Amino acid sequence: MPTKRSGPAATIPKNYEGIVNLITREYPNLSTGFQQIARFLTQNPNVVALESINAVAAKCRTHPSSLVRFAQSLGYSGFKQLQSVFQTRLATAAPGFRERISALESELSRNKDHGSLGYLRDLVVRDMAALQDLLEVISEKTLADTAKLLVQAETIYIAGQLRSEPIASLLRYLLTMLRRRVVLLDPAGGLAQEMATTMTDRDVLIAIAFRHYAKEVVVISEVAVANGTYIIAITDSQLSPLAKDARTLFTIPEDEYLFSRSLAAPMCLVQCIAMATAALLQPGRDSTPRIPTVTEMARNRTVAQTRQQRHSSRR
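Residues numbered from 1 in each chain as written. Predicted model: local features only at pLDDT ≥ 70, side-chain atom pairs only at ≥ 80, totals over all residues. Heavy atoms only, no water.

Focus on a nonpolar patch on the surface
Right, on to step 1. On the surface, Leu117, Leu120, Val124 and Met128 cluster together into a nonpolar patch covering about 360 Å² of accessible area.
Right, on to step 2. Relative to the assigned elements, valine 124 resides in helix α8 (residues 115-137).
Right, on to step 3. Residue class for valine 124 comes out partly exposed when judged on its relative accessible area of 41%. (Patch = residues over 30% accessible without salt bridge, like charges linked within 9 Å, V, L, I, M, F, W, Y side chains within 5 Å. Areas by Shrake-Rupley, 256 points an atom, 1.4 Å probe, with all protein chains shown as cover. Salt bridge = Lys/Arg side-chain N within 4 Å of Asp/Glu carboxyl O. Helix = DSSP H or I, 4+ residues; strand = E, 2+ residues; numbered from the N terminus. Buried < 20%, exposed > 50% of the residue type's maximum accessible area, 1.4 Å probe, protein only.)

Focus: the nonpolar core
Right, on to step 1. Counting 36 residues, the largest nonpolar core has Ile158, Leu175, Ile206, Ile234 and Leu269 as its most contacted members.
Right, on to step 2. Within the residue set of this core, elements represented by two or more residues are α8, α9 (140-152), β1 (156-160), α10 (165-177), β2 (182-184), β3 (204-208), β4 (230-235) and α13 (264-281).
Right, on to step 3. Excluding residues that lie within four positions of it along the chain, leucine 175 makes contacts with Leu150, Ile156, Ile158, Arg180, Val182, Ile206 and Thr277.
Right, on to step 4. Grouped together as the second largest cluster of nonpolar side chains are 30 residues, Ile12, Ile23, Cys60 and Leu82 included. (Core = buried A, V, L, I, M, F, W, Y, C linked by side-chain atoms within 4.5 Å. Contact = heavy atoms within 4.5 Å.)

Some details on the packing of α10 against α13
Right, on to step 1. Running from N to C, α10 and α13 point in directions that differ by 15°, and their axes come no closer than 10 Å. In terms of orientation, α10 lies roughly parallel with respect to α13. As α10 runs across α13, the sense of the crossing is right-handed. Touching Pro166, Ile167, Leu170, Leu171, Leu174 and Leu175 of α10 are Pro266, Met267, Val270, Gln271, Ala274 and Thr277, all from α13.
Right, on to step 2. Among the residues making up the contact of α10 with α13, the classes are represented as 10 nonpolar, two polar and no charged. (Axes fitted to C-alpha atoms, helices over the stretch in contact; angles between N-to-C directions. Parallel < 35°, antiparallel > 145°, perpendicular 65-115°, else oblique. Left-handed = near helix turned anticlockwise from the far one by under 90°. Nonpolar A, V, L, I, M, F, W, Y, C, P; charged D, E, K, R; others polar.)

Quick notes on the pattern of salt bridges
Right, on to step 1. Under the definition given, this model contains four salt bridges.
Right, on to step 2. As a salt-bridge pair, lysine 141 and aspartate 145 come within 2.7 Å of each other at their nearest N and O atoms. You can see lysine 141 and its partner aspartate 145 sitting in helix α9, four residues apart, about one turn around the helix.
Right, on to step 3. Assessed through its relative accessible area of 58%, lysine 141 is described here as exposed.
Right, on to step 4. Looking at aspartate 145, the relative accessible area reads 32%, which means it is partly exposed.
Right, on to step 5. The shortest N-O distance in the salt bridge between aspartate 245 and lysine 244 comes to 2.9 Å.
Right, on to step 6. Under the relative-accessibility criterion, aspartate 245 is labelled partly exposed at 24%.

Brief notes about the environment of leucine 143
Right, on to step 1. Along the chain, leucine 143 falls in helix α9.
Right, on to step 2. On the basis of relative accessibility, which here comes to 15%, the residue leucine 143 falls in the buried class.
Right, on to step 3. The sequence separation of leucine 143 and alanine 274 amounts to 131 residues, and the corresponding C-alpha distance is 9.7 Å.
Right, on to step 4. Ignoring sequence-local partners within four residues, the contact set of leucine 143 consists of Ile138, Phe250, Leu269, Cys272, Ile273 and Ala276.

Shown next, in the form of structure tokens:
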């Protein structure tokens, strides 16, 4: 456990990015309880900003006094001073962002105890908030750089298991339709890690994992590091085991539902990555880039073959 930071107050991070960077550096040395708090704070910044210490502690499954001690271990006088930094982040976010969060909390409170339809409203409202948050945390440069890497890569490897498997499968489908050479490192047959050893520095690995991080995906990421393979990570925070080795990092903090975590935001992200890649592969296209379907590609091949046969018969 790190000792309380000493020195002038100026050394204490006064912005959210500074706090996240500090927590990331200190994380390996934290106790198990403090690591739990660190994960919650970095994955739920809006909750930390808007709710009382008792409410935050309850959602974090810890005691309020533990939040105070955690804040003091980082050099703050207490949780209130640490919370003020999270509140400043929210106040300086994009216009209307705080109003959307407040509206979300109001909508969720109205949906309580309304039966099955209330569950549906709850899921939809939370997914809408997650998608709006996505616009706040993803940059144009990161998307453009990712698309460029995927166009230039000799082979694109994708690893995603457990709840991340549908995300990996969708991305494999989209990139395959763009005629990229794609290898899905799935657990079928038990050969994923062996297949990963074929990665080179001319390839790209897209590693996808959220809590509780699939162990094989983490191992595959470590294999990529040893092979000099560029890693694009899609995960939930800078404290993820995928973050430390990723050269391009997409973080998607999400509320944990009672039964699972929503896939709406990561699914939207991988579709956007595919669209950005398509735009680079279709430079002469004036309208929105297209990702063809299997049926469309089969139909186009049939049409091309028919034209070729007609042309040959005329000669």
